[in-house]
Amino acid sequence: MTPSSLGLAAGTFLVAAAIFSATIIQAQIPGGSSARDIPTEVQKTDPRVDQIIERANDHFRRGKLNLEDNKREQARDEFDKAVDEILISGIDVRASQRLQTFYLELVEKVYREEVPLVQQAPQPQQNATPVIAQGSANPKAETENVAKAQPKQPQIGFRQQGFDPSPLDPLSKLILTEEEKKVSDSDIATLEEAKNSLDFRFTINPLIQQFINYYQGRGRTTMEAGLRRSGRFMKMARDTFRQEGVPEDLAWLGQIESGWSPRAYSYAAASGLWQFVPATGRAYGLKQTAWIDERNSIEQATRASARLLKTLGKKYNGNWELALAAYNNGSIDRAIARAGVANFWSIYPHLVQQTRDYVPNILATILIAKNPEKYGFRGIRPELPWAYDRVEVSNATSLRLIADVTDTSVDYIQALNPELRRDTTPRGESYMLRVPPGKSKQLASLLKRVPADRRDSARVISVASGEDLQSVANRIGVSLAILQSMNAGVDLKTANKLFVPSNNIRLTNWRRASSSADANSAPSLSKVRARKGDTIAKIAGMYKLSAADLARLNGIGPDVELQAGQEIRLPGSTGATGSSRRR
């Protein structure tokens, strides 16, 4: 799941604005000097400047036309060409005030096309606070109402942000087979005994056993995957639910809602681990801006879910079956009125099919999760909890820079920060960034070397032994002044890394970040499937990787035996050794 990149246009604009104003030197010519009659180099280049501006404007206009036709890839290419006309012209932009002004305005215009301004939707009144997470009595009408009620969010960047499908969507279409519907008296007796292990009360119904039957058969893969992935977030979720006064076992709601994916997205525009629609997310304090969507966050969304469940639990006097139904559907009160009693199994005939199945499905999942071996799920080892440090970063900071400094990949940093809609932290505000464990001090120390207004446009490069700043400047095609300003006080005798602008003019044409550029600049993730008996350490050795780093990337201990077919993420290209292994 990877979001669209911000692009180098914004970074180029900020770097240029900060640097050009400090480096333009106005020549002072004494009054009356004959030198006034000699054409300057800037004057000599004016005809070329006119041509460059004309060609750049032509590409920009084409880009706008493509954008209006929703041809975003073609628009991006034309905008790139507009900026390239200046960068590869051979004219020093700083030597022409006119070209410099045009250049800054052009980059700003491209930036505004890529990152449109988003108006914050008004906060709902307290007496109108929604109490549903994602559904209504009429799914089709709910989808239409959500679309009408919410202001249309402009697309950020020139590529759509990726999401995982929510398991709620196939659940709404699930039809149990006749074999799965078979429930014996002994099954009911077993359920009555098993429910005592849960930390909330509910009434046993044959439908619960029917969903257990489903998961023991054709739904086994789904259940096994959820039981494994639950380890990433379960401890955090249980702690949060306990703090909010909600039964901890209800944290298994995350398995039904999202399959434990922070990027899960449903047909009704519900998003995140706990599947909040936009309005309910805002009502429970989850920010949704052009930069972040906290519905996809980890801690914040989990707390919001616990608070919503707490509200529903109080509303229905501790009847958690009704509270769970209301979490999914806003028509529970109407169904209660029709049935004349506040009992889930009594209002069951008055509910839509999705909500009918929703509650017994969750109860079946919780019962299996509390005692998996009893229900035939043996040897399943939950993944280790996600581990990370938190570092406060000010203003917009590029995730590519974070990945460089922490020796990881952009994919990994994005996975740790799923609420970020782009590959940069929010502009104009502080953000608590999650980074790999043990990297927080290193990151905080190195970021101090980069001015806050350049952190969204800087990269880190390695310096060869014996190189000085001038030779590095020559190699990457930037001025010595820029390099010095970004690495003040750095001694190359002891340091082997330097901060540099991300737009490398001399070695490559300027390009906004794309999938191919990302592949060259920061290793992307690939996946392999484990064989029986594999461990993280074994796979790391096979692909010549660090077992500790691979364990952190996957949240699994290096010596934990993996399940056959379990997907393991690998950083970057694994070379010929990996490609020869069939999975």
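The structure this text deals with has already been given above.
Notes on the structure follow. Along each chain, numbering runs from 1 in the same order as the chain's sequence is written. For a predicted model such as this one, the threshold for reporting local features is a pLDDT of at least 70, and the threshold for listing and counting side-chain atom pairs is 80 or more; totals across whole chains, interfaces and linings nevertheless cover every residue. Note: side-chain values were computed over all heavy atoms of the structure, leaving out hydrogens and water.

## Digging into the packing of aromatic side chains
For step 1, the next point in the chain: Under the pairing criterion, centres of Phe, Tyr and Trp rings, with the six-membered ring standing for Trp, must be within 6.5 Å; the plane angle then separates stacked pairs below 30 degrees from edge-to-face pairs above 60, leaving the rest tilted. The final tally for this structure, using the stated rule, is 11 aromatic pairs.
For step 2, the next point in the chain: Note on Phe60 and Phe79: the rings are 5.2 Å apart at their centroids and 40° apart in plane angle, and the pair reads as tilted. Of the two residues, Phe60 is situated in helix α2 (residues 41–68) and Phe79 in helix α3 (residues 72–87); the sequence distance between them amounts to 19 residues. When sorted by exposure, Phe60 lands in the same class as Phe79, which is buried.
For step 3, the next point in the chain: Among the aromatic residues, those joined into a ring-pair cluster are Phe241, Trp252, Trp260 and Trp274.
For step 4, the next point in the chain: The ring of Tyr348 has Arg356 sitting right over it, with the charged end atom 5.3 Å from the ring centre. The secondary structure listing takes helices from DSSP runs of H or I that are at least 4 residues long and strands from runs of E that are at least 2 residues long, numbered from the N terminus. Residue exposure (1.4 Å probe, protein chains only): buried if accessible area is under 20% of the type maximum, exposed if over 50%, otherwise partly exposed. Whether a charge sits over a ring depends on NZ of Lys or CZ of Arg being within 6 Å of the ring centre and within 35 degrees of the ring normal.

## Topic: the pattern of salt bridges
For step 1, the next point in the chain: A pairing counts as a salt bridge when a side-chain nitrogen of Lys or Arg comes within 4 Å of a carboxyl oxygen of Asp or Glu. This structure, assessed with the given rule, holds 28 salt bridges.
For step 2, the next point in the chain: In this structure, Lys287 and Glu429 form a salt bridge, with 3.0 Å as the shortest nitrogen-oxygen distance. Note that Lys287 is positioned in the loop between α12 (278–283) and α13 (299–315) and Glu429 in the loop between α19 (410–416) and β4 (431–435), a separation of 142 residues in sequence.
For step 3, the next point in the chain: Given a relative accessible area of 31%, Glu429 falls into the partly exposed group.
For step 4, the next point in the chain: Residues Asp333 and Lys315 are paired through a salt bridge, measuring 2.9 Å at the closest nitrogen-oxygen approach. With Asp333 in helix α15 (residues 332–339) and Lys315 in helix α13, this residue pair connects regions lying 18 residues apart in the sequence.
For step 5, the next point in the chain: Because the salt bridges share partners, they merge into one network encompassing Lys235, Arg238, Asp239, Arg242, Glu248, Asp249 and Lys370.

## Comments concerning the packing of helix α14 (residues 320–328) against helix α17 (residues 353–370)
For step 1, the next point in the chain: To define axes, lines are fitted to C-alpha atoms, for helices over the stretch in contact only, and angles between the resulting N-to-C directions are given on a 0 to 180 degree scale. Between α14 and α17, the shortest axis-to-axis distance is 9 Å and the interhelical angle comes to 130°. When the axis of α14 is compared with that of α17, the two are oblique. The two elements α14 and α17 cross, and the hand of that crossing is right-handed. In contact with Glu321, Leu324, Ala325, Tyr327 and Asn328 of α14, α17 contributes Gln354, Thr355, Tyr358, Val359, Ile362 and Leu363.
For step 2, the next point in the chain: When residues are sorted by character, Ala, Val, Leu, Ile, Met, Phe, Trp, Tyr, Cys and Pro go into the nonpolar class, Asp, Glu, Lys and Arg into the charged class, and all the rest, Gly among them, into the polar class. Looking at the contact of α14 with α17 residue by residue, the class counts come to 7 nonpolar, 3 polar and 1 charged. Convention used here: angles under 35 degrees read as roughly parallel, angles over 145 as roughly antiparallel, angles from 65 to 115 as roughly perpendicular, and any remaining angle as oblique. For a crossing to be left-handed, the near helix must be turned anticlockwise from the far one by less than a right angle; the clockwise case is right-handed. When checking whether two residues touch, look at their non-hydrogen atoms; a contact exists if any pair is within 4.5 Å.

The analysis is restricted to geometry; functional conclusions fall outside its scope.
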